[in-house]
Amino acid sequence: MQVVVVAIAIAPLVGCGAKAPTLGAGPDILDQESPFATPVLPPRSPQFTCSQADRDAATAVWTKLRKDDYPYHLQAVALSPPFPSGCRALIIAEPPPTLSLADLKAVAPRLLAGAEIQQHTIGYDGWSRDVVVTLPVVGDAELKTLLADLHVALFGTAYRMSVLDTATPAPAYDPAVAPLDIAIGPGELRRWLLEEPTSFTSLGSASATTFKDLLASRRADVYLDETHGLIVWTVPRGTSIAELASVFRQFTLESDLIVGAMASPTTVAIVARQRAIDPRVLPPLRFETASLLAAAHSQARLQQSYDRTNLLAGKLDDQQDWAPIFLSPELIDTEYGSLLNIADQFLKSWSENGTVRYVNFNYPSPRKWAFAQPVSTLTRAESFRFNWNTANTGAVIAIDHVDVFWLRRTGALHVSYFVNESQSDPGPATSSKPSGTESLEEQAYQFFAETQTPMLARVVQYNALFQIFARFDISSAGMKRGAAPAAATRVLVDAARTALRTVLAFDAGRLRALMMPRLTRSARSLINAIVRKELEKRPPQATVKKLEAATRDPVLLARVTEDQANQTIDSSRALASRLSSLKEDERSELAKLIADPRGVTEARDTVSAAYRQLSEDRLIFSLVANPNTYMVYAEHMAPSSATWIHTPSVVLSHNEPPYDAATGGHDLEAAVTRLEFHADEASVAAEEIAARRPVEGVGVAELDRLELGPRGPTLAAEPSKLAARAALGIANETRFWAELDSAQPAPIKVDRPPGGATVVTKQSDGYRVVDHTGAVHELTTMPEVVDTLGDRLGGKGKSIELRFEGFHPDEVRGVVRNLEIRTQATVTGVVESPRAVRQLDFSKAIVRDVQTRSYDDGAHEIGHVIEVESHEELGHEEVIESTPRAEAPKVARNKTSVHVVVGVKAPPGLLNQITIKINELLRSLIARFSGRSMTPQELGVELRKELLHLMQHELRDQLDTAPTSTDELLRDFLRIEIKMQQDGADFLIVHREERHGARAVAG
């Protein structure tokens, strides 16, 4: 008699109770250990304790990595060579905000137990944090698995995982390899993707498809067109990207520059250049940053600025000044917010030929400056505002029901210079742009783009995503909107009240004592303004020389300082009179307006008038304000609770007059210019340009010449006729991953697995996956197995069967659980399927008595024995006669015993109820299967499905909860394991199983 054993372990609830085993007919089929007992896992590396010297060495490795190689932002896993002891440094740099230190330790509790947080300063009070681990001696296989698991935790995937070698310095960017600054027009995108033949291959599939088919796919995936050198990320329109971390990671590893997007009514295809630049030079975009931009896609704009016009900002001494930093709430304590701060410093410092310097900011200067002299000198400005903006950096045109989004250039955002604008009401509407300023803006834009600075290109990339997400309604659920701490704002309000009281209680002697030590730079600024007015018609170089001489003249400096002091005292007296006319509540309202002008949406006329007068005489307020306000403000600008990045709240800088009070920042608009395409007209834009009107339409003959200029859409002299790779700046052989891919064994195919199932085999040096198409994947770690299976199988609502060979059941449980979470499919794992397939015939099946056993952890097992007939087709016997007859199959028939074992943690009442219902279910299944043949695998899958349904129903009734939350609870509490044995070969069907320590109750 052949034996098939089916063991099903289910544990939905925690309970108690004890009962000695009662055996029915047949052998004892119940386990001696609880189904929740800790499994015996493969041996691990022996525990080794690293010394204090090792921990000091690990800290030194981290210090060098941050100080010398990656002084700003880095999100990666880094590993040092072994120390003399065999220990080494493992660094997890800037994890995403969704992960805590405890989460990271949980990846490998034994190896990461000594993980510590190290903090790296950026700016005055900003920082980034990394996790530094002194890693004990560990075997190669266990180390590879640890690194893969960390990549999965950080990025949702181990795809193309790479570990920074801390002994290797960060590589320098070489523009000769591939440019960071490229310009791809809508005509080129249309030609390459919609007119020329395309062959896009999914990273998770060998089958190719056309770009037009991608636009109709309604699928989130990443595709490669090797011929054109393009990578495409497809996202259904109107969707949330919250669950697309692994897909996004693949997209940003395979590409380096987003060049545009094309969208059908159903699907958005974000188009990028195939990666040619080392990820250490131009790192992959971060999913958490993309998610916050998708979550903010309904916002009209995002902003960043150094608020030097804040009345509390100003000079600290003769060397430094300070200002609060404003960030839109979404950007506070984020990578993008920090990048914008750094880009703001580039704009101001490099526009001023390096004469502006910032505390804790040591980025190298470019080889040459944009202008022969600082831009404020060229414009003879008395006040200046620098601005990065997105006007005309991107646009959209609809062509044949496809929206084409493109960028002017990828190297930098547009530059705006606002000269001599009102200090009390800055903005384009009140700005005066002297003749030639617009040409200086365009010159600066060309300069910044051509510096090919990775951080500036990265700002453009994120802005492109922001505009694409906004234009095509792509969001991200669950992202929280940030907010400036109220305590920090109260610090500024209190400082404003104190300063107002000082001005109100006018005391000429005290005021002179306060301001005289701090008036030297103001005097220089005034001298500059006077000399400029005197030399307005002189050549610029003469102006500079006279300015330098004047500011070094001690007699002139002393006289101007005294004159300025007297003028300031007179102005202070007038301000005191103005403030004395205000009521107490009006002065409180004025203090709030001074502290947070953006946060006060409405103010009384008397308060607004006082604020304007203070703004015109802002020097007075900055002189009487507490010079230590910035320190108290920074102390109260607490970082977000879950962050590895804290954006600075104040900026300290070294400025020279007249731009010591100059402001700067970013205006990132979500909206982009939209053009109409006239397929029935040859020329439309040319006529609008000739009439000096904004270009709003494009004719069919003009599309290939359409581009963006500094003031909007325009037409190039000639259309681009370059092939895609040439236009993208990459040669046919230029591909960053080419060497790695060529080192991989050539892909092979084998016969498809029986029934089309995917088979995973454990080998001595890794794993082999043979997917349902017969394609073979050789992999090193289990996380890579999960990645490959997820890519090849994915599909919400699908039912997937996997077969595993050579695996410990607990390994399979982990794979199945991770796959179900990642793919949102129902996954069945079959372990070690039988060599011979015996058909089961239930027409004469008998159910034996129930068996039970209880354990000290509150678990119970319930066993049923079913006797059923089985048969095996052994072959065919051919009979040769004069009259031919059909072949007759040769069949071996046997009695088979099916053992059904249920393990459950439940209170006695529910346990009895489950026992009865399982018995009823088995009898019902026997009746249903009667007269029908099925294999043990088919039986196991059917039993699993029916039992899962039964337990879901019981849980739902017991927990009185909604179906969706029940499903989430099942992920944590329901364990199903189906085990079968035939001719000494086992196979298991595993579903969402986790085990916990327990032992059987004696007796």
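The structure under discussion appears in the preceding block.
Below or above, wherever it landed, is the structure these notes cover. (Residues numbered from 1 in each chain as written. Predicted model: local features only at pLDDT ≥ 70, side-chain atom pairs only at ≥ 80, totals over all residues. Heavy atoms only, no water.)

1. So, the overall build of the protein
Along the protein, the regular secondary structure elements total 28 helices and 39 strands. Across the 1003 residues in the protein, those meeting the buried criterion constitute 55%. Partitioning the intrachain contacts of the protein with sequence separation of at least 6 by distance along the chain shows that 73% fall at a separation of at least 24. Accessible surface, the protein as shown: approximately 42,800 Å² in total, 51% of it carbon and sulfur. (Helix = DSSP H or I, 4+ residues; strand = E, 2+ residues; numbered from the N terminus. Buried < 20%, exposed > 50% of the residue type's maximum accessible area, 1.4 Å probe, protein only. Contact = heavy atoms within 4.5 Å. Areas by Shrake-Rupley, 256 points an atom, 1.4 Å probe, with all protein chains shown as cover.)

2. Quick word on the environment of Ser577
Among the structural elements, Ser577 can be located in helix 16 (residues 554-580). Owing to a relative accessible area of 46%, Ser577 belongs among the partly exposed residues under this scheme. Remark: the alpha-carbon pair of Ser577 and Ala505, spanning 72 residues in sequence, is separated by 9.8 Å.

3. Description of the packing of helix 17 (residues 584-595) against helix 18 (residues 605-616)
For the pair helix 17 and helix 18, the least separation of the axes is 9 Å and the interaxial angle reads 50°. The pairing of helix 17 with helix 18 is recorded here as oblique in orientation. Helix 18 is crossed by helix 17, and the crossing has right-handed handedness. In this structure, helix 17 contributes Glu586, Glu589, Leu590, Leu593 and Ile594 to the contact, and helix 18 contributes Thr606, Val607, Ala610, Tyr611 and Leu614. Among the residues making up the contact of helix 17 with helix 18, the classes are represented as seven nonpolar, one polar and two charged. (Axes fitted to C-alpha atoms, helices over the stretch in contact; angles between N-to-C directions. Parallel < 35°, antiparallel > 145°, perpendicular 65-115°, else oblique. Left-handed = near helix turned anticlockwise from the far one by under 90°. Nonpolar A, V, L, I, M, F, W, Y, C, P; charged D, E, K, R; others polar.)

4. Focus: the packing of aromatic side chains
Applying the stated criterion to the full structure yields 26 aromatic pairs. On the numbers, 5.0 Å between centres and 65° between planes, the contact of Phe447 with Phe448 is edge-to-face. Neither residue differs from the other here; Phe447 and Phe448 are each classed as buried. Note on Tyr767 and Phe807: the rings are 5.8 Å apart at their centroids and 25° apart in plane angle, and the pair reads as stacked. Residue Tyr767 is found in strand 29 (residues 766-770), and its partner Phe807 is found in the loop between strand 31 (799-805) and helix 25 (809-823); the two are separated by 40 residues along the sequence. As far as the burial class goes, Tyr767 and Phe807 line up, both buried. For the cation-ring pair, Arg129 lies above Trp127, with the distance from its terminal atom to the ring centre recorded as 3.8 Å. Over the aromatic face of Phe155 sits the side chain of Arg249, whose NZ or CZ is 3.5 Å from the ring centroid. (Phe/Tyr/Trp six-rings, centres within 6.5 Å; stacked < 30°, edge-to-face > 60°. Lys NZ or Arg CZ within 6 Å of the ring centre and 35° of its normal.)

5. Topic: the packing of helix 12 (residues 486-504) against helix 20 (residues 629-636)
A packed helix pair is summarised by two numbers, namely the angle formed by the two axes and the spacing between the axes. Between helix 12 and helix 20, whose axes approach to 7 Å, the crossing angle comes to 160°. Here helix 20 runs roughly antiparallel to helix 12, going by the angle between their axes. Taken as a pair, helix 12 and helix 20 cross one another with a handedness that is right-handed. Here Ala487, Ala488, Thr489, Val491, Leu492 and Ala495 of helix 12 come into contact with helix 20, specifically with Thr629, Val632, Tyr633 and His636. Split into classes, the residues belonging to the contact of helix 12 with helix 20 amount to seven nonpolar, three polar and no charged.

Treat this as a map of the structure, not an account of what it does.
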